[in-house]
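The lines below spell out each chain.
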Amino acid sequence: VVSLIRGEARFVGKPGDVLSLLPVGGDVRGITTQGLEYPLRDETLPFGPARGISNVLTEPVAQVRVREGLLLAIQHHS
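**Student:** Would you explain the environment of Ile5 in this entry?
**Tutor:** Take Ile5: it is sitting in strand S1 (residues 2-5). Taking C-alpha positions, Ile5 is 7.4 Å from Val66, a pair spaced 61 residues apart along the chain. In contact with Ile5, not counting residues within four places along its chain, are Phe11, Leu21, Val64, Val66, Gly69, Leu70, Leu71 and Ala73.

Okay, here's the thing in structure tokens:
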């Protein structure tokens with residue numbers, strides 16, 4: 001499942017599903033996640049190096065909030 005995040009999004013799946021977050025068109029600031037193995041807390045993902053690849057759901061619902069910018073989210077159901 002591929003989607004764009006501006007503001008907030010929820011991802012429904014099962015623990016073990018993979019979620020990758022990639023900045024689109026520039027740095028993305030103020031990213032906070034819940035329900036993921038590697039949480040982000042008001043952090044920045046810079047455009048370019050892929051730091052947000054292959055995170056893993058730890059709960060049936062994961063949340064991603066973005067304060068500024070646009071994220072491409074790719075969810076792979078296991």
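**Student:** What am I meant to see in unusual backbone geometry here?
**Tutor:** Backbone phi values are negative for most residues with the exception of glycine, while trans is the configuration of most peptide bonds. In this model, Asp42 sits at a positive phi of 55°, which is unusual for a non-glycine residue. Of the residues examined, Asp42 reaches a relative accessible area of 48% and is grouped as partly exposed. In this structure, Ser54 is a non-glycine residue whose phi angle is positive, near 60°.

**Student:** How should the pairing of strand S4 (residues 28-34) be read in this particular structure?
**Tutor:** Side chains on a regular strand alternate between the two faces of the sheet. Here S4 runs beside strand S5 (residues 43-45); their pairing, made up of 2 bridges, is antiparallel. Bridge pairing in S5 links Val28 to Leu45. As paired elements, S4 and strand S7 (residues 61-65) share 3 bridges and run antiparallel to each other. Residue pairing across strands places Thr33 opposite Val64, the latter belonging to S7.

**Student:** Looking at this model, I keep getting lost on the sheet that holds strand S6 (residues 55-56). Mind explaining?
**Tutor:** Sheets are built from strands that pair by backbone hydrogen bonding, the pairs being arranged parallel or antiparallel. Spatial strand order, S1-S8-S3-S6: 4 strands in an open sheet with antiparallel pairing. Each of the sheet's edge strands pairs with one partner strand only, and the pair in question is S1 and S6. In this sheet, strand S8 (residues 71-76) lies alongside S1 in antiparallel orientation, the contact comprising 4 bridges. From the neighbouring strand, Ile5 faces S8, where its bridge partner is Leu71.

**Student:** How should I be thinking about the nonpolar core in this particular structure?
**Tutor:** Where a protein is soluble and globular, its nonpolar side chains tend to be buried together. Counting 16 residues, the largest nonpolar core has Ile5, Leu19, Leu21, Ile31, Val64 and Leu71 as the members making the most contacts within it. If you list the elements that add at least two residues to this core, you get strand S2 (8-12), strand S3 (18-23), S4, S7 and S8. Excluding anything up to four places from it in sequence, Ile31 contacts Leu40, Arg41, Asp42, Glu43, Leu45, Val64, Arg65, Val66 and Leu71.

**Student:** Quick question: what am I supposed to make of the sheet that holds S5 here?
**Tutor:** The strand order S2-S7-S4-S5 describes an open sheet built from 4 strands, whose pairing is antiparallel. This sheet does not close on itself; its edge strands, each paired only once, are S2 and S5. Across the sheet, the mean angle separating the axes of adjacent strands is 35° when strand polarity is ignored.

About the thresholds
Residues numbered from 1 in each chain as written. Predicted model: local features only at pLDDT ≥ 70, side-chain atom pairs only at ≥ 80, totals over all residues. Heavy atoms only, no water. Helix = DSSP H or I, 4+ residues; strand = E, 2+ residues; numbered from the N terminus. Contact = heavy atoms within 4.5 Å. Buried < 20%, exposed > 50% of the residue type's maximum accessible area, 1.4 Å probe, protein only. Pairing = 2+ DSSP bridges. Core = buried A, V, L, I, M, F, W, Y, C linked by side-chain atoms within 4.5 Å. Axes fitted to C-alpha atoms, helices over the stretch in contact; angles between N-to-C directions.

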